[in-house]
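Listed here are the chains, written in short residue letters.
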Amino acid sequence: MNEYEVKVYEEVEEWKRRIIKRSGMMNRISKKAQVKINEWIPEKVHEMMTESIKAMVKATLFGSQLTTNRDQANGLTLAERDELIRKKISFYQKTAIVEGAGTGAGGILLGLADFPLLLTIKMKFLFDSASIYGFDAKKYEERLFILHVFQLAFSSDEIRRNTLSEIEQWDQRKIELTEMDWRKFQQEYRDYIDLAKLFQLVPGIGAFVGAYANHNLLKTLGDTAMNCYRLRLLQKAPEL
């Protein structure tokens, strides 16, 4: 490893410690409440929501695959890739802020449109992230990896730790994994964003809440994606 890679290795190790750290009391209480609410929801509703989000995610994956430049980081060093991803995070944060403020200011009807629009922004960012770090998202296993990065960013403590373990062992795990657990994927994501977006539909403050929440959600996703791809590259680098 060169000097920059050693620095990145230390940053990734610190990030992993934050990932496995137990979340705060309010988040744990909120998660318990959401689990209880999910138990009250009829099974047919869960199945419908799972299929709907599965179809929505697959559609955004397909669209992002078509619109992503796969050659945008050829020949770049890790330091240059990191600099490029930081610029992408800033760009997508600004896009998400505009989207969140617009749908938040538009009341309930536009607020409902926020979910698929924000999901599209997030998936497009993840495809750009894969390209920047030299991974071809046209390959099925790389699209599956993208979904694991997404799940790592937006999930509860136990799922987050399990997902990090799968990402750390991706070369072995990708052979065994054939499909996402879509029920878990949609439930974790909804539970995570419900609290962040709770007041977006409230008249008067919806625009501010939407913009602020989207900014933070893209920051979380950006930090997660950057470190997941750094981790994979470092695993291929020569030993210290």
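This structure is a prediction, so every number in the text was calculated from the model and none was measured. (Residues numbered from 1 in each chain as written. Predicted model: local features only at pLDDT ≥ 70, side-chain atom pairs only at ≥ 80, totals over all residues. Heavy atoms only, no water.)

Colleague: Whenever I open this one, the overall build of the chain confuses me. Can you help?
Modeller: When you go through the chain residue by residue, the secondary structure sums to ten helices and zero strands. Secondary structure elements of the chain occur, N-terminal to C-terminal, as α-α-α-α-α-α-α-α-α-α. In the chain, which comprises 240 residues, the proportion classed as buried is 45%. Of the contacts formed within the chain by residues at least 6 apart in sequence, a portion of 82% connects residues at least 24 apart. Split by element, the accessible area of the chain, about 12,600 Å² in all, is 60% carbon and sulfur. (Helix = DSSP H or I, 4+ residues; strand = E, 2+ residues; numbered from the N terminus. Buried < 20%, exposed > 50% of the residue type's maximum accessible area, 1.4 Å probe, protein only. Contact = heavy atoms within 4.5 Å. Areas by Shrake-Rupley, 256 points an atom, 1.4 Å probe, with all protein chains shown as cover.)

Colleague: Whenever I open this one, the nonpolar core confuses me. Can you help?
Modeller: What tends to happen in soluble globular proteins is that the nonpolar side chains get buried as a cluster. The biggest cluster of nonpolar side chains holds 52 residues, and the ones touching the most others in it are Val57, Met123, Leu126 and Ile146. Of all the secondary structure elements, the ones that give two or more residues to this core are helix H1 (3-20), helix H3 (43-67), helix H4 (78-105), helix H5 (107-132), helix H6 (140-153), helix H7 (157-168), helix H9 (182-196) and helix H10 (206-236). Residues within four places of leucine 126 in sequence aside, it is in contact with Ile146, Val149, Phe150, Leu221, Ala225 and Tyr229. (Core = buried A, V, L, I, M, F, W, Y, C linked by side-chain atoms within 4.5 Å.)

Colleague: Is there a simple way to think about the packing of H6 against H7 in this case?
Modeller: A pair of packed helices can be characterised by two numbers: the angle between their axes and the separation between those axes. The interhelical angle for the contact between H6 and H7, taken along N-to-C directions, is 150 degrees, at an axis separation of 9 Å. In this structure, H6 crosses over H7, and the sense of that crossing is left-handed. Note on element contacts: H7 touches H6 through Ile159, Arg160, Thr163, Leu164, Glu166 and Ile167, opposite Phe145, His148, Val149, Gln151 and Leu152. Considered class by class, the residues forming the contact of H6 with H7 number six nonpolar, three polar and two charged. (Axes fitted to C-alpha atoms, helices over the stretch in contact; angles between N-to-C directions. Left-handed = near helix turned anticlockwise from the far one by under 90°. Nonpolar A, V, L, I, M, F, W, Y, C, P; charged D, E, K, R; others polar.)

Colleague: Explanation requested: the environment of glutamate 179 in the structure shown.
Modeller: For glutamate 179, the location among the structural elements is in the loop between helix H8 (170-176) and H9. The spacing of glutamate 179 and leucine 144 is 35 residues in sequence and 7.5 Å in space, taken between C-alpha atoms. With residues up to four places along the chain from it excluded, the contact list for glutamate 179 reads Lys54, Lys58, Tyr140 and Leu144. Here the side chain of glutamate 179 touches tryptophan 182 through a polar contact of 3.3 Å, side chain to side chain. (Polar contact = N/O pair within 3.5 Å; in protein donor to acceptor, adjacent residues only side chain to side chain.)

Colleague: What exactly am I supposed to notice about the pattern of salt bridges here?
Modeller: Enumeration according to the criterion identifies 15 salt bridges in this entry. The shortest N-O distance in the salt bridge between lysine 88 and aspartate 128 comes to 3.7 Å. Linking lysine 88 in helix H4 with aspartate 128 in helix H5, this pair joins segments that are 40 residues apart in sequence. Exposure remark for lysine 88: the relative accessible area of 22% places this residue in the partly exposed category. Aspartate 128 sits in the buried class, given a relative accessible area of 3%. Notably, a salt bridge pairs arginine 173 with glutamate 176, separated by 2.3 Å at the nearest N-O pair. Remark: glutamate 176 and arginine 173 occur in helix H8; sequence separation between them is three residues, near one turn of the helix. (Salt bridge = Lys/Arg side-chain N within 4 Å of Asp/Glu carboxyl O.)

Colleague: Sorry if this is basic, but what is going on with H6 here?
Modeller: Since the α-helix advances by 3.6 residues per turn, residues separated by three or four positions end up pointing in the same direction. Here H6 spans 20 Å end to end across 14 residues, near enough to the 20 Å set by a 1.5 Å rise per residue. Taking burial as the measure, the 14 residues of H6 include eleven buried ones, the bulk of the element. Buried within H6 we find Glu142, Leu144, Phe145, Ile146, Leu147, His148, Val149, Phe150, Gln151, Leu152 and Ala153. (Expected span 1.5 Å × (residues − 1).)

Colleague: Can you walk me through the side chain of glutamate 142 in this structure?
Modeller: Examined against the element boundaries, glutamate 142 turns out to sit in helix H6. According to the relative accessible area criterion, glutamate 142 is buried, its value standing at 5%.

Colleague: Honestly, the packing of aromatic side chains in this entry has me stumped. Any pointers?
Modeller: The description of an aromatic ring pair uses the distance of the two centres, along with the angle that the planes make with each other. Applying the stated criterion to the full structure yields twelve aromatic pairs. Note on phenylalanine 135 and tyrosine 229: the rings are 5.5 Å apart at their centroids and 35 degrees apart in plane angle, and the pair reads as tilted. With phenylalanine 135 in the loop between H5 and H6 and tyrosine 229 in helix H10, this pair connects stretches of sequence that are 94 residues apart. Looking at phenylalanine 135, the relative accessible area reads 9%, which means it is buried. (Phe/Tyr/Trp six-rings, centres within 6.5 Å; stacked < 30°, edge-to-face > 60°.)

Colleague: For this particular structure, what's the right way to read the packing of H1 against H7?
Modeller: Remark: H1 packs on H7, axes separated minimally by 9 Å, with the N-to-C direction vectors making an angle of 145 degrees. Here Trp15, Lys16, Ile19 and Ile20 of H1 lie close against H7, whose contacting residues are Arg160, Arg161, Leu164 and Glu168.

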